[in-house]
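# Per-entry structural report
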Amino acid sequence: MAAQTARDQPAPRPRRYRDPRLLIGLVLVVVSVLGVVGVVAAVDDGVEVYAAPRLLMVGERIVAQDLELRRVSLGPDSSAYLRDGQLPEGGVIVSRSVGAGELVPLAAVGDARGASSTTIVVALATDLGGTVRAGDILDLWSAPALDAGRYGAPTVLASGAQLVRTVAPDGIVAGGEAARVELLVPRRDIARILHAVANGDALSALPVSLAVGP
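First, a word on what this report is: a plain description of the structure on this page.

Taken together, the three strands give an open sheet; going across it, the order is S2-S4-S5, and neighbouring strands pair in antiparallel fashion. Edge positions in the sheet fall to strand S2 (61-62) and strand S5 (109-111), since each has one partner strand and no second. Examined bridge by bridge, S2 and strand S4 (residues 92-94) share two bridges and lie antiparallel to one another. What sits directly across from Ile62, in S4, is Val92.

A few words now on helix H3 (residues 190-199). Taken as a whole, H3 has its buried residues at Ile190, Ile193 and Ala196. Angularly, the buried residues of H3 cover 130° about the axis, an arc narrow enough to put them on a single face. Away from its buried face, by an angle of more than 90 degrees, H3 presents the exposed residues Ala191, His195 and Ala198. In the stretch just after H3, Gly200 is the one whose phi turns positive, near 80°.

Its location among the elements puts Asp136 in the loop between strand S6 (117-124) and strand S7 (137-143). The charged side chain of Asp136 is buried without a salt bridge, its nearest counter-charge being Arg133 at 6.6 Å. A polar contact is formed between the side chain of Asp136 and the backbone nitrogen of Arg133, at a distance of 2.7 Å.

Rules used in this analysis
Residues numbered from 1 in each chain as written. Predicted model: local features only at pLDDT ≥ 70, side-chain atom pairs only at ≥ 80, totals over all residues. Heavy atoms only, no water. Pairing = 2+ DSSP bridges. Helix = DSSP H or I, 4+ residues; strand = E, 2+ residues; numbered from the N terminus. Buried < 20%, exposed > 50% of the residue type's maximum accessible area, 1.4 Å probe, protein only. Arc of directions from axis to C-beta. Lys, Arg positive; Asp, Glu negative; His and termini not counted. Salt bridge = Lys/Arg side-chain N within 4 Å of Asp/Glu carboxyl O. Polar contact = N/O pair within 3.5 Å; in protein donor to acceptor, adjacent residues only side chain to side chain.

This is the structure we're talking about:
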């Protein structure tokens, strides 16, 4: 009876032998993989720049949807290309053709406003108001030069010009000027402004609206 009972008992399971060297090897492999990933992430200096999916022609207006982003490593040269976040909401104007598949250089695009507006520096016969700041909208007035230092009735030469900056006086030439300013004006007004400058007319800039702030 005792012999049969012994036979009915389940045989003991063999103990699995775990080699500690195997566990150490697995740990080293995981650490090695994590280290490589960390090194790659640390040295990755790639930036996202825009590329042309097709030929971009001069004068064409493009927006973000017309381009594709690529992550590239260009080092210091990355600043020479149109990067993610630099594209204005209104798009840009292509000033130099860009081939299909090429990265878009900053030098190959310009402000979209350049198609209808441009900047010009003019000398004013009267000072700007003390509250006028860059960004304010101005009307440029012109009093035509007549004989013997007299001037005619002033008229609006360019309406809705934007003050870009005031230019510091430079040398004796600026002695008779109240101020020199750089204005963003519609291209349609450029011919009249240049004619007034060449004629020696007295120019004045009066604010239409003022920028918010001190």
